[in-house]
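Reading the structure
So you can see what is in the structure, the chains are spelled out below.
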Amino acid sequence: MKKNYRFHSVCCAALLFSGCADDSLRSASLVADRLLVDTAFELCEQPAKSAPFPVVFADDAVSDGGAHVCMVNVPADSVYRMGVNSVDRAEIRVDGRRIVTVAGCGRAFPREVAYDTYLFNDYVSLKLTRGAHRVDILSTGKISFGLVDSLDLQVRNVSYIVIEHENKAKEFRIPIKKEAAFTKHSYAEWHYANGATMLGLLALADATGEERYAEHVRRFCDFTMEHLPLFAAQYERGFLRTQNYRMFRRGMLDDTTAPALPFLETAMRYGATDEQCRLLASMADYAMREQPRLVDGTFVRPEPRWTIWCDDLFMSAVFLTRYARFTGEDDYLEEAVRQAEAYDRYLRDPETGLVFHGWDDTHKRFVGLRWGRANGWFAWAFSEVLSSLSPEHPAYLRLLAIHRSHLEALLRYQSPNGMWHQLLDRPDTYEESSATALFVLALARAVRMGWMERICADRALLGWQALERHIRPDGIVTGICRSMAIGYDAVDYAERPTLPNDPRGLGAIFTAAAEVAALREWLKIH
């Protein structure tokens, strides 16, 4: 297909050499300043929140005859599969009848290997009629149970009501400021979106020279490490959705390598404690040895069975390339290279040159659609892997060709005003800010690194100019799609809400601003 780089070239050339109407760093700093104000680095005590699944009995409180009691309401007559994890020997009765005695495995909770997917130690089949059933558990130690199907997914439309003495358990959580622009979760918690945001904030600190941005990232990491023993203790008490539970669940790349990015970056810049090094090593170990893979080694998710999510290339490769530099061990870099090539092989759409949101390896088909942010994660990840490789590396030219062809495809779907859409090939879907920021950073970096022709600079700058229209004077960014699983159809994507200052887009905005500023300096010389 013929390259069409001259789209709006006259307008963009004027923008390039007119002194740049708006300073990218100034706009991004408005957002960063709002982030700093909206972040709380503190803890507050509150009643402990139980996870909706599984049912956990993690203390000595009992309600009847020395037993833990739970009423389980099932939606239909059927044979159900109950999973059980118990530290010690335990007896389970259903409707007064002893069903099973488990010996105990030393672990109180199942492994949550993906969203709603649990691996218990023991299982028992139960023939239950529609309605409520009483479950009595006699155990002196921690225990958990729940109904799962043959794929280890939580059975839907089942309710669990624990009948027990008043629960007076407390836990500490990070509060969310009432006046914060984003309130879905704390900016200070262990979360992949916050990991990308803090990484981007460091890039902005480098570009602006604002030490307070770098200090904020260091404080973010120090706060987490300081309270790590507390969060671990709360999780072990059975609060499976306690603050920073993802650090301990470790069921996916979202839980491990992506949230660890700022901890790794600060370790490389400023040094790290032994505890921080152990944390980073455990996250790297998860990616290399525990993360599910296809037979060919490609990272995959167990839910839906077995799917490759485009997002996971960013969630893994950016950490692995940095961890290779941090440790001096090339195995991590080579793993990132293998994953980058594999993700392109599975996800690239031969018709458009874009990548699909996912691949269903069970049925050997694409799933989801050509989602903007998924393509953005893909582009950012490729730019990071390429930046880490020597041009003499055997895979360098192959990865460069993949990255170039993907960016060329993206340019064909940029709107005349500079934005990209929620579904890239569907201009009837809304213009989406995080995808636009991701493409701007990838394009700006590609021009500066010599991976793309100089004329592509105007498209990156046009994209940034359009993105700035979504940045309000109060530092709020609009048009960021909230978290998004693989959708079934275009309606799923088109109707997915946006959230102001969602961290799923802030890291890209900070990094894009830094890359645009670097590109403008490069253009003065070249």
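Predicted, not measured: the structure shown is a model, and the values here were computed from it. (Residues numbered from 1 in each chain as written. Predicted model: local features only at pLDDT ≥ 70, side-chain atom pairs only at ≥ 80, totals over all residues. Heavy atoms only, no water.)

On to the sheet that holds strand β9 (residues 122-128), then. In space, the four strands of this open sheet follow the order β2-β11-β4-β9, with antiparallel pairing throughout. The open sheet terminates on both sides in strands that have one partner only, identified here as β2 (55-57) and β9. Strand-to-strand, the axes of this sheet are offset by a mean angle of 25 degrees, without reference to chain direction. In this structure, strand β4 (residues 78-86) lies alongside β9, joined through seven bridges in antiparallel fashion. Each bridged residue has a counterpart across the sheet, and for Gly83 the counterpart in β9 is Tyr123. (Pairing = 2+ DSSP bridges. Helix = DSSP H or I, 4+ residues; strand = E, 2+ residues; numbered from the N terminus. Axes fitted to C-alpha atoms, helices over the stretch in contact; angles between N-to-C directions.)

What follows is about the sheet that holds strand β16 (residues 365-367). Spatially, the three strands line up as an open sheet ordered β14-β15-β16, and their pairing is antiparallel. Two strands in the sheet have a free side with no partner beyond their single neighbour: β14 (307-309) and β16. When the angles between neighbouring strand axes are averaged without regard to direction, this sheet yields 25 degrees. Inspection of the sheet shows strand β15 (residues 358-360) paired to β16 by three bridges, in the antiparallel sense.

Further remarks concern the environment of Ala214. Inspection of the secondary structure assignment puts Ala214 in helix α4 (residues 211-226). In the structure, Ala214 is positioned 10 residues away from Leu204 in sequence and 8.6 Å away in space, judged by C-alpha atoms. Residues in contact with Ala214, not counting those within four places in the same chain, are Leu202, Ala205 and Tyr270. (Contact = heavy atoms within 4.5 Å.)

So, about the nonpolar core. If you look at the biggest cluster of nonpolar residues, it comprises 132 residues, and the most contacted ones within it are Leu201, Leu204, Phe314, Phe319, Leu399, Phe510 and Leu519. Those residues in contact with Phe314 that sit more than four places away from it in its chain are Ala196, Leu261, Trp377, Trp380 and Ala381. Within the second largest apolar cluster, 27 residues are counted, among which are Cys70, Val84, Val124 and Val155. (Core = buried A, V, L, I, M, F, W, Y, C linked by side-chain atoms within 4.5 Å. Buried < 20%, exposed > 50% of the residue type's maximum accessible area, 1.4 Å probe, protein only.)

Attention now moves to unusual backbone geometry. Cis peptide bonds are those with omega within 30 degrees of zero, and the linkage from Phe53 to Pro54 qualifies with -5 degrees. Of note, Pro54 is situated in the loop between β1 (44-47) and β2. Of note, the bond from Glu303 into Pro304 is cis; its omega dihedral lies within 30 degrees of zero at -15 degrees. Structurally, Pro304 is set in the loop between α8 (274-290) and β14. Even without a glycine there, the phi angle at Asp152 is positive, about 70 degrees. Of note, Asp152 is situated in the loop between β11 (143-148) and β12 (159-163).

Once that is clear, we can look at the pattern of salt bridges. Considering all chains together, one arrives at 42 salt bridges under this definition. In this structure, Asp254 and Arg301 form a salt bridge, with 3.5 Å as the shortest nitrogen-oxygen distance. One end of the pair, Asp254, is in the loop between α6 (246-249) and α7 (261-270); the other, Arg301, is in the loop between α8 and β14, and 47 residues separate them in sequence. Under the relative-accessibility criterion, Arg301 is labelled buried at 4%. The partner of Lys524 in a salt bridge is Glu521, and the shortest N-O contact between them spans 3.0 Å. Pair noted here: Lys524 and Glu521 are both in helix α16 (residues 503-525), with a separation of three residues, about one helical turn. For Lys524, a relative accessible area of 64% corresponds to the exposed category. The class for Glu521 is partly exposed, based on a relative accessible area of 45%. (Salt bridge = Lys/Arg side-chain N within 4 Å of Asp/Glu carboxyl O.)

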